[in-house]
Amino acid sequence: MREIFAADFRDRIVHHLVVRELEKQWEPRFIFDSYACRKNKGIHAAVNRLQQFMLKASCNRKKAAYFLQLDIRSFFMSIDKQILFTIFKNTNFSEDIIGLLHEIIFHDCTENYYFRGDKAMLESIPPHKSLFKVEKGKGLPIGNLTSQFFANVYLDVLDQFVKHILKCRFYIRYVDDFLLISSSPEELQEWNSRIEIFLRERLLLELKPGARIMQVSEGANFLGYIVRPDYMLARRRVVGNLKYKIAIFKENMVSYTGQYIGQGATIGSSLTTPEHQVIMMNPGMVVELRQTIASYLGHFKHAQTGGLVRSLFKKNDWIESIFIHADGTIQEKLAPKNEFRTLRSQIRFFRSQLDGFLLFVHMGKYIELYDKDAEIMRKIAWVKLKEGFRGMKTAFGFPMSLKSTYLRKALEKGYSVAILEEGKPGKWIRHRYVVTIFKACSL
């Protein structure tokens, strides 16, 4: 859990302008292998570069190579404001820029702020992660663009030390997480000691304890991946987070006919035929689920995770009723790309995506079924059909008050059913979207 301070909109504009000016002078000074909050860098570039370093250091896995992974304790809360300002003051920026930097760096955001959130959660944040509890003159607010850039400037001092004094050829840093690679574990041990002293004396920072020297073949747990010379895996914790989030969505979206409540009546509570999986397609939740899965798929595609992704979708087959997954991307299966000119073309689209389902189509105060769906309902409930209705060959409709009755009849016969709700008027006909799916478990 972290404490986030976000500047006002007008202040963020100033932050962007200041960073834009700072980048002109500092970007050429930064080492190539600093990857956080820089153009054409980022997490994926960092892990790919690390893999290249591992291959080079081990001569394509022909020789032993070792890495030392280090992390700074409470980095943002430990940044010394005076040291940071002095770094900038020793450059040739104008007095106006230096004045703005002084204002931004020494501003105490804990004295004048608007609080949003749960105060009980705020109190539960550990002291070393809260600006409210750090000593005066320490810490930068997480959430501001300037803080991200200042972090790179502050640790550029470390980068220059490692590259030019220690002369480490294979060094990479992302914020306060950094690795050094060498063919000699003794050299890494010496570097560890010298870096520890340098950080403490020059930047008033401390390393997290417990750093180990490991062979590159064992893999580095770096930025959400397990990076080895010849392949990468998604970190187990990242996979676990996705599984947990999917389980929460399933709890809110999926039930079974014996549990489902609709129109004030229990649907399927007395069914003796195959049970149905009920998927509630709340539009907002569908979008949130797609965004969640898409973000993880974007992370996974940079690693060898094909089997993992297939396994996740196989164990959560209900997701395939909502989305189409291919080539590391995910799209809504039941969201048409274009508007329909006719009801017939609209129904044809939903039928193509929901093969084997009866479509219960909301039309004003009625539910209607068309063509082969209407024919099936005639056999189930002995109802009379209309011919040539709404441009369809055959149709059958009933008032909304009878929805539970006819739904039950269809489910008792083992049919799968999709409920199509009316949306806002379109250019030619009303939009419609699937709100609930009753999927026979045998499908």
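Everything numeric here is computed off the predicted structure, so don't read it as measured data. (Residues numbered from 1 in each chain as written. Predicted model: local features only at pLDDT ≥ 70, side-chain atom pairs only at ≥ 80, totals over all residues. Heavy atoms only, no water.)

S.K.: For this particular structure, what's the right way to read helix H11 (residues 306-315)?
M.R.: An α-helical turn contains 3.6 residues, so any two residues separated by three or four positions project in the same direction. Those residues of H11 that fall on the buried side of the exposure criterion are Val 309, Leu 312 and Phe 313. The buried side chains of H11 occupy one side of the element, clustering within an arc of 90° when seen end-on. Every exposed residue of H11 that faces more than 90 degrees away from the buried side is listed here: Arg 310, Lys 314 and Lys 315. (Buried < 20%, exposed > 50% of the residue type's maximum accessible area, 1.4 Å probe, protein only. Helix = DSSP H or I, 4+ residues; strand = E, 2+ residues; numbered from the N terminus. Arc of directions from axis to C-beta.)

S.K.: What's the story with the environment of Phe 313 in this structure? I'm lost.
M.R.: Turning to its location among the elements, Phe 313 is positioned in helix H11. The exposure class assigned to Phe 313 is buried, which follows from its relative accessible area of 8%. Put simply, Phe 313 and His 325 are 12 residues apart on the chain and 8.9 Å apart in space, counted from C-alpha to C-alpha. In this view, Phe 313 contacts Ile 293, Leu 297, Ile 319, Glu 320, His 325 and Ile 330; residues no more than four positions away in its chain are not counted. (Contact = heavy atoms within 4.5 Å.)

S.K.: Would you mind going over the packing of aromatic side chains with me for this structure?
M.R.: Centre distance and the angle of the planes are the two values used to describe a pair of aromatic rings. This model, assessed by the stated rule, comprises 17 aromatic pairs. Between Phe 53 and Phe 170 the ring centres are 5.3 Å apart and the planes differ by 55°, which places this aromatic pair in the tilted class. Of this pair, Phe 53 sits in helix H2 (residues 43-57) while Phe 170 sits in strand E2 (residues 170-174), and the two are 117 residues apart along the sequence. Each of the two residues, Phe 53 as well as Phe 170, counts as buried. Centroid distance Phe 360 to Phe 398: 5.9 Å. Interplanar angle 70°. Geometry classified as edge-to-face. Of the two residues, Phe 360 sits in strand E14 (residues 357-363) while Phe 398 sits in strand E17 (residues 394-399), which places them 38 residues apart along the sequence. Feature note: the residues Trp 26, Phe 30, Phe 88, Phe 149 and Phe 150 constitute an aromatic cluster, connected by ring pairs. Cation over ring: Arg 29 sits above Trp 26, and NZ or CZ is 4.0 Å from the ring centre. (Phe/Tyr/Trp six-rings, centres within 6.5 Å; stacked < 30°, edge-to-face > 60°. Lys NZ or Arg CZ within 6 Å of the ring centre and 35° of its normal.)

Without other data, these values stay purely geometric and don't point to any function.
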